[in-house]
Amino acid sequence: MSNRSQTGWLASRFPIAASFRRQYLDFAMPRNLNYLWNFGAFLTIALVFLVVSGIFLAINYTPTITSAFSSVEKIDRAIASGWFIRSLHIGGVSMLFAALYIHIARSLYYGSYKAPRELVWITGLCLLILVMLAAFAGYILPWGQMSFWGATVVINALKALPLVGTPLSNWLLGDSSLGDVALHRFFILHFVTAFAIIGIVTLHVATLHVVGPNNPAGIEPRRPEATLPFHPYYTTKDGLGLCLFLMIYAGLIFFLPDILTLASNYVEANPLVTPRDIMPEWYFSPFYAILRAVPSKLGGLLLASGSVLLLFFTPWLDRSPIRSARHRPRMRWALRGAFLAFILLGLAGSRPLTEGWLWISRAATIYWYAYFLLVLPLLPRIENPNAMSSIQDTHCL
Ligand code: HEM
């Protein structure tokens, strides 16, 4: 059989090469994308690094409370390049979260959540929740002081949920206290979620490819000259961005490996000694600040989880026909306020609780909710209703 007929035989049964060409190489992209559109590629690469390094860590990790801490110490100190694999994994989580928050901020700013991209947005939010779940479960695995006490805080908070709280925490614990059974469950939860994330990323990108990417102008390209093929234009641009991303990632691993981790997690878990300040990793601190800002346990839990769940409704809460904040000066200021509120919550959640930070957390939580529940639906009423037509004329792609 000739080479050509073999290709023809395979192509008529499984046209993967042709569909790869159509979906990735020739795919029409708006020509005006800026560097914020590189973050999807950064996320994908960070995820690959996390999965590969995670598999190597899992080979040497022991999920029992007597051996977990020492097996992680062994990876760091005794196994060839173990320190590097572990740093890749820990640094990768921070890089992933940093890129995720910028990716979401970009989508909020340019209105990428609006029709027809609601499904891209919703699959993205499912990813955010899965990534959070994987990070939470993963943090318990080294069985350090913060692993133990962080998990204790979360499991106790869960108990405050009416009806489902106690059964859910009992199911996670699988025993009368946080011990071997729970550690084993968190280990399984950690890597099962990692593979679920890969599946949902495929869905996320597939939904994006049906509707095509948004762009900074927020107007769909209507003329062929307004688009460029993904390859070579965006493969080059993504490649350049990736070099920078990997340089920062390498800088973090090789020069500042401990800057983002808490020293107390290098002390083995001790159920008899509670650390003075129980603090989450930086990427959870905005939600931790909300949890602490409310006097009631249940209220804190609902407001902290609600701050993410709220995002699912954004495509319907935002009533403006104009997509990009570039053309909405008032919305731009309001959104900057929401970004500031998130940063302030992050700072508050990573510090010991003082009166000042408590009030900052409360104000920022109120603003965060007000932005989504009041500003997004009501702002279009006071915006210039004729703006859309003038934008279409001046920014037609
Ligand atoms: C592991 C997590 C994720 C991965 C690997 C990922 C990957 C990607 C990729 C490759 C793109 C296309 C390139 C780009 O626009 O930057 C994209 C676009 C997009 N993503 Fe994600 N994403 C993730 C999480 C999220 C999250 C958490 C959200 C929102 C809550 C989100 C919302 C979007 C939206 C709305 C677009 C379309 C943007 C546009 O065209 O303007 N993604 N994502």
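Residues numbered from 1 in each chain as written. Predicted model: local features only at pLDDT ≥ 70, side-chain atom pairs only at ≥ 80, totals over all residues. Heavy atoms only, no water.

## So, a nonpolar patch on the surface
Note the following rule: The patches reported here contain residues having more than 30% relative accessible area and no salt bridge. Joining distances are 9 Å for like charges and 5 Å for nonpolar side chains (Val, Leu, Ile, Met, Phe, Trp, Tyr). Residue exposure ignores everything except the shown protein chains as possible cover, and the areas themselves are Shrake-Rupley values with a 1.4 Å probe. The term salt bridge refers to a pairing of a side-chain nitrogen on Lys or Arg with a carboxyl oxygen on Asp or Glu at a separation within 4 Å. Here a strand is any run of E in DSSP of at least two residues, a helix any run of H or I of at least four, and the numbering for each starts at the N terminus.
A cluster of nonpolar side chains, V48, V52, I55, F56, I59, I188, F191, V192, F195 and I198, forms an exposed patch at the surface whose accessible area comes to about 900 Å². Mapped onto the nonpolar patch, the elements with two or more residues apiece are helix 3 (39-60) and helix 9 (180-211).

## Some remarks on the site of the ligand
Spelled out, the test is: One heavy atom within 4 Å of a molecule or strand makes the whole residue count as near it. Pairs of N or O atoms within 3.5 Å make up the polar contacts considered here, provided that, within protein, one atom can donate a hydrogen while the other can accept it, and that residues adjacent in sequence are counted only when both atoms are side-chain atoms.
The immediate surroundings of the ligand are formed by 21 residues, with H103, S112, G124, H204 and N214 found nearest. A distance of 2.7 Å is found between a nitrogen atom of the ligand and a side-chain nitrogen or oxygen belonging to H103. N214 is positioned such that a nitrogen or oxygen atom in its backbone is 2.8 Å from an oxygen atom of the ligand. Going through the elements one at a time, helix 3, helix 5 (82-109), helix 6 (118-140) and helix 9 are the ones with two or more residues in the shell around the ligand.

## Some points on the coordination of the iron atom of the ligand
Coordination angles at a metal have ideal targets, namely 109.5 degrees for four tetrahedral donors and 90 or 180 degrees for six octahedral donors. Condition: Shown as donors are all N, O and S atoms within 2.8 Å of a metal ion, widened to 3.2 Å for Na, K and Ca; because water is not in the atom set, sites may appear incomplete. Irregular is the default label, applied whenever a site is not tetrahedral (four donors, all angles between 85 and 135 degrees) and neither square planar nor octahedral (four or six donors, opposite donors over 155 degrees apart, all other angles between 65 and 115). Note on exposure labels: buried denotes an accessible area under 20% of the residue type's maximum, exposed denotes more than 50%, and partly exposed covers the range between, all computed with a 1.4 Å probe on protein chains only.
Taken together, H103 (NE2) and H204 (NE2) make up the protein donors of the iron atom of the ligand, found 2.0 to 2.1 Å from the metal. Note that the iron atom of the ligand binds six donor atoms; their angles at the metal cover 82 to 180 degrees, and the shape is octahedral. Of the two residues, H103 is situated in helix 5 and H204 in helix 9; the sequence distance between them amounts to 101 residues. Summarising the burial analysis for this pair, H103 and H204 share the class buried.

## Section: the UniProt feature "binding site: a ubiquinone" (unreviewed entry) in the chain
To keep things clear, this is the line we draw: UniProt positions are given in the numbering used here, feature names are shortened, and annotations may be inferred rather than shown by experiment.
When the UniProt feature table is mapped onto this chain numbering, "binding site: a ubiquinone" (unreviewed entry) sits at H209. Tracing the chain through its elements places H209 in helix 9.

## Here we look at the environment of G111
Let me state the cut-off plainly: Note on definitions: a residue-residue contact is assigned when non-hydrogen atoms from the two residues lie within 4.5 Å.
You can see G111 is positioned in the loop between helix 5 and helix 6. Judged by its relative accessible area of 0%, G111 is buried. Setting aside its immediate chain neighbours within four residues, G111 contacts N214 and R323.

## Here we look at the domain arrangement of the chain
Accessible area lost upon the coming together of the parts serves often as the stated size of an interface. Operational definition: Segmentation of the chain into domains, including their bounds, is taken from an automatic or database domain assignment. Summed over both partners, the accessible surface that disappears when two parts come together, traced with a 1.4 Å probe, is what is meant by buried area. Lys, Arg, Asp and Glu make up the charged group, whereas Ala, Val, Leu, Ile, Met, Phe, Trp, Tyr, Cys and Pro make up the nonpolar group; the residues left over, Gly among them, are polar.
Taken domain by domain, the chain holds domain 1 (31-278) and domain 2 (280-397). In this assembly, 49 residues from domain 1 lie in contact with 42 residues from domain 2. Summing the contributions of domain 1 and of domain 2, the shared interface buries around 3900 Å²; its carbon and sulfur component is 68%. Across the contact surface, domain 1 and domain 2 share two salt bridges. With a shortest N-O distance of 2.8 Å, R323 and E220 are connected by a salt bridge. Among the elements of the structure, helix 5, helix 6 and helix 7 (145-158) are those that each provide at least two residues to the side of domain 1 that touches domain 2. Class assignment for the residues of the side of domain 1 that touches domain 2 results in 34 nonpolar, eight polar and seven charged.

## Things to note about the pattern of salt bridges
A full pass over the atoms with the stated rule returns nine salt bridges. A salt bridge links R117 to E220, with the shortest nitrogen-to-oxygen separation between them at 3.0 Å. Of the two residues, R117 sits in the loop between helix 5 and helix 6 while E220 sits in the loop between helix 9 and strand 2 (227-229), which places them 103 residues apart along the sequence. For E220, a relative accessible area of 29% puts it in the partly exposed group. Between D318 and R328 there is a salt bridge, with its nearest N and O atoms 3.5 Å apart. Remark: R328 occurs in the loop between helix 13 (314-317) and helix 14 (329-349) and D318 occurs in the loop between helix 13 and helix 14; sequence separation between them is 10 residues. The exposure class assigned to R328 is buried, which follows from its relative accessible area of 1%. Salt bridges sharing common partners tie together K114, D318, R328 and E383.

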